[in-house]
Amino acid sequence: MNVPLNYLLALSAVLFTTGLAGVILRRNILIIFMSIELMLNATNLQLIAFGRYFGNVNGQIFVFFVLVVAAAEAAIGLAIIVSLVRNYKDSLNGDDFSLLKG
Amino acid sequence: MTPSIAVFIILAAIAVVSALNVILRRNPVHSAIFLAFTIVCLAGIFVLLNAEFIAATEVIIYAGAIIVLFLFTMMLLDVRGGMMVHQFQRQTGVAAPVAILILLCLLGVAISVINVTGLPAATISPGAAARLGSVQNLGQELYSNFLLPFELASLVLTVGLVGAIGLAGRADEDSEEQQRIAAAEAFDANIRATEGGTLEPEEGAAVAGHHS
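About the cut-offs
All residue numbers refer to positions counted from 1 along the written sequence of the respective chain. To label them, take the chains in the order written and letter them from A, then take the ligands in the order written and number them from 1. It should be noted that, the model being predicted, local features are given only for residues of pLDDT at least 70 and side-chain atom pairs only at 80 or more, the latter also being counted only at that level, while totals for whole chains, interfaces and linings use all residues. Every helix listed is a DSSP run of H or I at least four residues long, and every strand listed is a run of E at least two residues long, numbered separately from the N terminus. As defined in this context, the radius of gyration uses C-alpha atoms, and a globule is described by 2.2 Å times the residue total to the power 0.38. Labels follow a simple rule on C-beta atoms placed from the backbone: if 20 or more others lie within 10 Å of a residue's own, it is buried; if 12 or fewer, it is exposed; otherwise it is partly exposed. Once C-beta atoms have been placed from the backbone, residue pairs whose C-beta atoms lie within 7 Å are recorded as contacts. All amino acids are sorted into three groups, where Ala, Val, Leu, Ile, Met, Phe, Trp, Tyr, Cys and Pro are nonpolar, Asp, Glu, Lys and Arg are charged, and the leftover types, Gly among them, are polar. The span one expects for a helix is its residue count, reduced by one, times 1.5 Å. Only the stretch in contact is used when fitting a helix axis, every axis being a line fitted to C-alpha atoms; angles between N-to-C directions are given from 0 to 180 degrees. An angle below 35 degrees is treated as roughly parallel, one above 145 as roughly antiparallel, one from 65 to 115 as roughly perpendicular, and anything else as oblique. Domains are outlined according to an automatic or database domain assignment.

Caption draft 1: The arrangement of the overall build of chain A in detail. Counting its secondary structure elements, chain A contains 3 helices and 0 strands. Listing the helices and strands of chain A from first to last along the sequence gives α-α-α. Here the C-alpha atoms of chain A give a radius of gyration of 17 Å, more than 25% beyond the 13 Å that 2.2 N^0.38 yields for 102 residues. Taken over the C-alpha atoms alone, chain A extends approximately 50 × 25 × 25 Å along its principal axes. Looking at chain A as a whole, 61% of its 102 residues qualify as buried.

Below is the structure:
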């Protein structure tokens with residue numbers, strides 16, 4: 001393999017942690033959602049890297065399904081955000097939506 | 001350093017800088033654009049790893065569909081209102097060290113993965129690697145071994161479509177309905193005001209008399 005596996009895993013780790021930091025640090029729900037997409041992409045990179053490493057196509061198949069789920073998730077998540085902001089509170093701050101807090 | 005490693009390092013640097021910009025920018029529109037940059041760089045890395053079809057799919061679905069969906073959502077919502085709030089959570093002081101700790105753990109695993117688990121070295125030939133991500137190979141696998149998950153994926157997409165329309169579309173109908181009711185009530189009140197406001201009692205008496 002031309003690119004060492006360690007480099008790919010390190011990049012994946014950095015991207016995943018960046019997404020995680022975005023989720024736990026930011027208040028804007030749109031940016032939290034984008035950070036989730038970032039984390040999904042980090043896992044995609046890891047799946048493809050391992051699939052290439054072992055010469056197995058299953059990693060790429062799995063990334064395909066992750067893309068499908070990510071598309072459905074983005075559509076539903078953004079619909080929920082639009083619905084929340086329009087009907088419930090006119091705000092993009094995640095802390096405002098505490099109706100389901102235990 | 002081989003050319004592919006040099007290309008990888010350039011793409012990885014752009015991807016990481018863009019990813020940091022995604023979570024540090026105040027304006028969500030800038031974040032979305034930087035997320036697109038990250039996606040395109042990742043697609044380039046996928047090409048380096050012989051996953052051409054997945055790279056194309058990634059650009060089409062993420063940069064073409066999901067980012068555009070984000071931008072449409074921001075167009076519908078008042079993004080400037082969201083920019084007024086404090087950017088970071090109150091727990092930043094705790095959360096940032098935790099994130100750095102997780103990063104160090106993951107990096108440690110990534111760097112020492114070969115030594116720790118003793119994975120077998122990659123022994124596939126360049127020809128086999130080139131065939132790995134071809135559309136033919138992927139399609140064959142997808143329609144033979146992964147046929148049921150493939151069909152379920154279409155179901156997931158359909159449910160997502162219906163759910164999105166149900167969630168985002170209902171708001172409009174409700175507000176239209178309320179507007180209609182409010183207009184009808186205003187019209188009613190107007191009629192009553194101009195005609196003396198004795199409509200309902202008379203009607204009620206007439207109905208009562210009819211019934212008895």
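Caption draft 2: Fine view of the overall build of chain B. A count of helical and extended segments in chain B gives 9 helices and 0 strands. Helices and strands appear in chain B in the N-to-C order α-α-α-α-α-α-α-α-α. Considering chain B as a whole, with its 212 residues, one finds that 20% of them fall into the buried category. Partitioning the contacts of chain B with sequence separation of at least 6, the portion at a separation of at least 24 is 53%.

Caption draft 3: Up close: the interface of chain B and chain A. Chain B puts 77 residues into the contact, and the matching count from chain A is 64 residues. Counting residues per element, the ones that place at least two in the side of chain B that touches chain A are α1 (3-24), α2 (28-48), α3 (52-76), α4 (79-84), α5 (92-117), α6 (126-132), α7 (135-144) and α8 (147-194) of chain B. Ranked by residues supplied to the side of chain B that touches chain A, first place goes to α5 of chain B with 12 residues. Looking at side-chain class alone, the side of chain B that touches chain A contains 58 nonpolar, 17 polar and 2 charged residues.

Caption draft 4: How the structure looks around α3 of chain B. Taking 1.5 Å of rise per residue, 25 residues should cover 36 Å, and α3 of chain B covers 35 Å from first to last C-alpha, within 8% of that figure. Considered for burial, the residues of α3 of chain B that qualify are Ile54, Ala55, Thr57, Glu58, Tyr62, Ile66, Phe70 and Thr73 of chain B. The inward-facing, buried residues of α3 of chain B abut α2 (29-54) and α3 (58-88) of chain A together with α2 of chain B.

Caption draft 5: Local environment of α2 of chain B. Spanning 21 residues, α2 of chain B covers 30 Å between terminal C-alpha atoms, matching the ideal 30 Å at 1.5 Å per step. One or two steps after α2 of chain B, the chain reaches Asn50 of chain B, where phi turns positive at roughly 60°.

Caption draft 6: Up close: the packing of α2 of chain A against α2 of chain B. Two elements in contact, α2 of chain A and α2 of chain B, have axes separated by 11 Å at closest approach and are oriented at 5°. Comparing the axis directions of α2 of chain A and α2 of chain B gives the class roughly parallel. Where α2 of chain A approaches α2 of chain B, its residues Leu30, Ile31, Met34, Glu37, Leu38, Asn41, Leu45 and Ile48 of chain A are matched on the opposing element by Pro28, Ser31, Ala32, Leu35, Thr38, Ile39, Leu42, Ile45 and Phe46 of chain B. Class assignment of the residues belonging to the contact of α2 of chain A with α2 of chain B gives a composition of 13 nonpolar, 3 polar and 1 charged.

Caption draft 7: Quick look at the environment of Leu77 of chain B. Mapped onto the elements of the fold, Leu77 of chain B is located in the loop between α3 and α4. A tally of 22 C-beta atoms within 10 Å means that Leu77 of chain B is categorised as buried. Setting aside anything within four residues of it in sequence, one finds Leu77 of chain B in contact with Val82, Val85 and Leu92 of chain A.

Caption draft 8: Quick peek at the domain arrangement of chain B. Along its sequence, chain B is organised into domain 1 (1-78) and domain 2 (146-196). The C-alpha centroid of domain 2 of chain B is placed 34 Å from the C-alpha centroid of domain 1 of chain B.

Caption draft 9: Region of the structure containing unusual backbone geometry. Although it is not a glycine, Asn50 of chain B sits at a positive phi angle of roughly 60°. If you trace the backbone, Asn50 of chain B turns up in the loop between α2 and α3.

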